[in-house]
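# Structure assessment
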Amino acid sequence: MSEEQIKKIVENCRESVKEKEIKQTEEAYDKSLDSDDVSEPKQEPMDTEEAQDSESNKKNDKKDKKKNKDKKEKKNKKEKQVKEKEREREKEKEKEKSDQEDPEPENVYVPPVSMLKDSEQKVQQTTFSKPLVRVPDSVLRKTCEPFLQDGSCSEVTPKLMKCRECKMTPTQRGKTVPNIFCRFYAFRRLKYSQRGFVTIDGFSELSDAEQDDIDPWIPKSPIIEPKIDVETARFIIGRVGDKFCELVQQEKESHVCAGDNAKVAWKRAVTGVREMCDVCDTTLFNMHWVCHKCGFVVCLDCYKVKSSEMDEEESQDKREESEGGVKEEQRQWLTCSANRQAHDVDKLMLTQIIPADALWEVGRMVHEVRDKWQIHRACPCSPKNNTKKNGIRNDLMNEAIKHMSPKKKLVNGIGSEEKSKTKNGNIKSTVYNPDSSSPLSLLADVASMDSEKTRERSESPLLTKKKDGKNGKSYNPITEPVSPGSSEKKMPPSCSTLRELLTKTAGSKVKNNNESNKKKSKNTSSLCDIIQKVVEKQAPKDSDRVVAEAADKDNEPMKLLHYKPRFGTGHNLVRETPIIVHNLTETSVLYPDVPHSWLCDGRLLRLHEPRHRGNLKIFMEQWKRGQPVLVSGVDRYINQELWKPAYFSKHFGEFENDLINCRTSCLVVNQPMKHFWDGFSCMEERLVDEEGTPMLLKLKDWPPGDDFSDVLPQQFNDLMQSLPLPEYTRRDGRLNLVSRLPDFLVKPDLGPKMYIAYGSAQYPKEGTTNLHLDVSDATNVMVYVGYLEEEERGYIEKDRETLKAMEMARCDPITKRRIREVRETPGALWHIFDAVDADKIRDFLNKVGKERGETIEQHHDPIHDQSWYLDESLRDRLAKEYGVLGYTILQCVGDAIFIPAGAPHQVRNLNNCIKVAEDFVSPENVHHCFQLTQEFRHLSEGHSNHEDKLQIKNIIYHAVKDATAVLNDADPNDIDS
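Residues numbered from 1 in each chain as written. Predicted model: local features only at pLDDT ≥ 70, side-chain atom pairs only at ≥ 80, totals over all residues. Heavy atoms only, no water.

Let us now look at the overall build of the protein chain. Along its length, the protein chain carries 33 helices and 27 strands. Burial statistics for the protein chain: of 977 residues in total, 46% are counted as buried. Of the contacts formed within the protein chain by residues at least 6 apart in sequence, a portion of 75% connects residues at least 24 apart. With the model as given, the accessible surface of the protein chain reaches about 52100 Å², and the carbon-plus-sulfur share is 48%. (Helix = DSSP H or I, 4+ residues; strand = E, 2+ residues; numbered from the N terminus. Buried < 20%, exposed > 50% of the residue type's maximum accessible area, 1.4 Å probe, protein only. Contact = heavy atoms within 4.5 Å. Areas by Shrake-Rupley, 256 points an atom, 1.4 Å probe, with all protein chains shown as cover.)

Sheet architecture is open: 4 strands sit in the order β21-β26-β23-β24, paired in antiparallel fashion. Each of the sheet's edge strands pairs with one partner strand only, and the pair in question is β21 (769–772) and β24 (887–892). Direction aside, neighbouring strands of the sheet carry axes that sit 20° apart on average. Pairing of strand β23 (residues 826–832) with β24, which is carried by 6 bridges, proceeds in the antiparallel orientation. (Pairing = 2+ DSSP bridges. Axes fitted to C-alpha atoms, helices over the stretch in contact; angles between N-to-C directions.)

Let's shift gears to the confidence of the model for the protein chain. When the pLDDT values of the protein chain are averaged, the result is 75; 63% of them are 70 or greater. Counted against residues more than four places away or in other chains, residues 29–51, with its pLDDT under 50, gives 8 contacts. The model gives residues 384–391 a pLDDT under 50, and that stretch makes 9 contacts with residues more than four places away or in other chains. (pLDDT = per-residue confidence, 0-100.)

Looking now at the packing of helix α31 (residues 926–937) against helix α32 (residues 952–969). If you want to describe how two helices pack, look at the angle between their axes and the distance between the axes. Running from N to C, α31 and α32 point in directions that differ by 150°, and their axes come no closer than 10 Å. In this view, α31 runs roughly antiparallel relative to α32, as classed from their interaxial angle. Here α31 contributes V926, C929, F930, T933 and Q934 to the contact with α32, which in turn contributes I952, K953 and I956. Looking at side-chain class alone, the contact of α31 with α32 contains 5 nonpolar, 2 polar and 1 charged residues. (Parallel < 35°, antiparallel > 145°, perpendicular 65-115°, else oblique. Nonpolar A, V, L, I, M, F, W, Y, C, P; charged D, E, K, R; others polar.)

Take the packing of aromatic side chains next. For the structure shown, the criterion picks out 28 aromatic pairs. Through a chain of ring-to-ring contacts, the aromatic side chains of Y647, F648, F652, F655, F676, W677, F680, W702, Y758 and Y784 assemble into a single cluster. Between K306 and the ring centre of W333, over which it is positioned, the NZ or CZ distance is 5.0 Å. (Phe/Tyr/Trp six-rings, centres within 6.5 Å; stacked < 30°, edge-to-face > 60°. Lys NZ or Arg CZ within 6 Å of the ring centre and 35° of its normal.)

Let us now look at the sheet that holds strand β1 (residues 147–148). Taking strand neighbours across the sheet as the criterion, the 3 strands line up as β1-β2-β3 in an open arrangement whose pairing is antiparallel. Strands with a single pairing partner mark the edges of an open sheet, and in this sheet they are β1 and β3 (198–203). Where β1 lies against strand β2 (residues 188–192), 2 bridges are found, and the strand directions are antiparallel. Considered in β2, the bridge of F147 is made with L190.

Next up on the list: the pairing of β24. Within a regular beta strand, the side chains point alternately toward one face of the sheet and then the other, so they alternate between its two faces. Counting buried positions over the 6 residues of β24 gives 6, a clear majority of the element. Here β24 shows two buried faces, one formed by Y887, I889 and Q891 and the other by T888, L890 and C892.

Moving on: unusual backbone geometry. Put simply, S221 and P222 share a cis peptide bond, and its omega is 0°. By the element assignment, P222 lies in the loop between α7 (211–214) and α8 (230–258). Here the bond from E225 into P226 is cis, since omega is 0°, no more than 30 degrees from zero. In this structure, P226 sits in the loop between α7 and α8. If you check the backbone angles, N670 has positive phi at about 50° while not being a glycine. Considering the arrangement of structural elements, one finds N670 in strand β18 (residues 666–672).

Tracing the backbone through its elements, the reader meets R734 in the loop between α25 (726–729) and β20 (753–757). A sequence separation of 507 residues divides R734 from K227, and the C-alpha atoms of the two residues are 7.1 Å apart. Within the structure, R734 has its side chain in polar contact with the side chain of T232 (distance 2.6 Å). (Polar contact = N/O pair within 3.5 Å; in protein donor to acceptor, adjacent residues only side chain to side chain.)

Next up on the list: the pattern of salt bridges. Under the definition given, this model contains 38 salt bridges. Among the ionic pairs, E872 bridges to R810, the shortest N-O distance being 3.7 Å. Pair noted here: E872 is in helix α30 (residues 872–882) and R810 is in the loop between α27 (800–809) and α28 (813–820), with a separation of 62 residues, a long-range link. With a closest N to O distance of 2.7 Å, R818 and E824 form a salt bridge. On the basis of relative accessibility, which here comes to 3%, the residue R818 falls in the buried class. Connected via shared salt-bridge partners are R606, R818, E824 and D895. (Salt bridge = Lys/Arg side-chain N within 4 Å of Asp/Glu carboxyl O.)

Taking 1.5 Å per residue as the helical rise, helix α11 (residues 358–373) with its 16 residues ought to reach 22 Å, and the 22 Å between its terminal C-alpha atoms agrees with that figure. Note on α11: the residue one or two positions beyond its end, Q374, has a positive phi of about 55°. (Expected span 1.5 Å × (residues − 1).)

Counting residues in hydrophobic clusters, the biggest one holds 106 residues, and the most contacted among them are F244, V298, V921 and Y957. At 10 residues, the largest contribution of residues to this core is made by α32. Residue contacts for V921: discarding those within four places in its chain leaves L735, N736, L737, V738, S776, D777, V926, C929, L950, I952 and I955. (Core = buried A, V, L, I, M, F, W, Y, C linked by side-chain atoms within 4.5 Å.)

Let us look at the environment of C280. By the secondary structure assignment, C280 is in the loop between β4 (265–266) and β5 (288–290). The spatial distance from the C-alpha of C280 to the C-alpha of W333 is 9.7 Å, given a sequence separation of 53 residues.

Along the chain, T283 turns up in the loop between β4 and β5. Note on T283: relative accessible area 8%, which makes it buried. A distance of 3.1 Å separates a polar atom in the side chain of T283 from a polar atom in the side chain of R274.

Put into structure tokens, the structure is as follows:
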């Protein structure tokens, strides 16, 4: 509890004690009067007239005593009222003095410290509050002008309608609830009635926003630290601009849901408070709905789900099921705390956080900046790009018409084995080439229009690993995945594009059926007729073959049989740029000064010098493709004494913490950390299970709940100065988009976090961390690797189990050479998969679960649940049946692994390891963060990833806003010159 809360409690106690003392004195006074009446001395008997006179005198005395008593009570009440008025006047004077003494207020509103969590009070101590009530209270009582609520509901007046937070009891506040602050603070308008009572006068409106309220939300120079240059701003707009426009379009949908005539309230951003949806725990970006009685808040997505549940028809349900998407299940809404009734969708109040029309203004400025700097745009908010004719977009049709020109060269319509260049540079093909004026040619040319995307699978680095079948044709597990046992069957012709599929499979058929088709019209009427003429229909023999061959060779999503994506097939991720196989001979010419090498058969970049200035350019070339990167040599720049087990055992051994048994996934509660550290290097000192077997323990996300810099300041500073690629990894990195968030927003906790666990090289089927993915990018640094005492003394051969594990994992020869020849200290074995393959992995794991007799629940997610570790057999099946191959990475001491957002990965410690991870948000992977935030909404409330802690929408908005400000002030002509 804060000091102000304690002071208020003490004052209330003192007032209650005073009131009790006054009551006791009054009761004692009444008793004394009664006792006086009773204790009067007995007198001798009097005459009847004297007796009557005495009785009347006694009655008059009692009446006088009662009158005196009433007068005293009235006096006490008046004195109390006067004291209360004096206190209010003193408070008003103090406020006026503080307003005069304080500097110009900032453009955000700060709630009282008593309304914030303890973790948020540190932020409030260094900020200033913009005064909500600028007019003195005495003036407001006379004029009855409205003012904003400047305190919690109970602090303003006890008779005011309270929000659902202020109605909570102390026991309810102690529970884990998302929002602990007054819902109506700086939002609800109040006013004094003519009788002096506080009444409700609506809510703040968009017209109430002043210029200093709008400034933090619009592009304005100078931008906040860190500063970014023009090239960085162009890069951010190019990578994030389309997602920002998509975000703007989503916000516009709220006006459609509410109606054109709906009034919009404005809720100010409050420093230190993260507005969240009461239904799905998603961070509110801008548009949302609020109950005007209790402050219940619901986001746009939950509002649409609720309204569609009430109004949708059966035909719409059938149409959604036919599209392949899973219909979102409606979550239970909280009842109104004011009347205990269910919330009516139509009676909720549309509210926005961004003041005035700042969001729409930024959207307009982004388009102007793109045109000014000629930045490529593929956003959905341009109506010209989305207009369709006969189901085909106009821009695609125009490109197809251009493709029909004889002067236009074919880009990717012919396989590399079947094309040859003449002296003039024209491409000649030996395959069937239909007439250029036929609809078949138009369809084939449209299919070959986008050379980059259609070349993705054909230029995959995995093409270097080809297997020859019986027929002598090359087999690629990515482009032609098949089920186990089907490799000896006749393989389909390799067609990397739709044009090849049409020409290769249709050439012979068209020639054979040429005579029979003479009587028919040469022009086909529809797309179905074209496909029926050139594609033979064949019934599949088994379901696995259907799954493998359902993936279109033009990089379209595979049809999944055991997992339905949450957002339909249209939301499946597709690789933007193809994976390229590199070799050191080629890249040494492009980057001659950068020490680097290539692992995983040329797909994984390894940088040898963490602080080399040339690392950034080659790193960005790999990072934009969604590939992991390995950086070695970080241990040369850290203080290794700070990361040894002895240090942590000495300073934190007495603290209790929960441990996890990696073999059983069971939680070992409240164990002294000294027991864990004592067993770090000695097997005999480890905790044992019920059977007496030493447990394979780990600490995850330690220290929990606290900022790493507060608990371990020395380690924090040591890590920050040694992290490679600081433009991405540091909190103030110019390419870390989290650094663009302003101070009045609660920044997400992105670490660092420590991952400490025993080695498990002798357990090949059990991992230290099961398969999972993260909503943000991350870099994981191996700061310490320790052997057991038996290995150090020579009783057990070092790295014997490690070499076996590397052989089973099929590490490449260069990685094996690091252990056998260079004698580096191996720590952990990683398997990282591409983010675009996440749904395929989900489908595969659900399939394996069904084979093992498991029931797949509706909200089950095999990756988010972290219930699988892919051993050698499962990885082989995944490659053969789904064409998914990952990156096998050995992490040694001083290695930092960069993991892209959304990339499924698993870890297996070969020796005792201490790793430190720092998260960040890069412009290249914002689209993955955006989609994962939507996925987390569907997880159960008890899931660790259910709550939206990243606030990706706020990150996108402020990153684009700052980049727009930089580009607005610059001139393209000056940069070019």
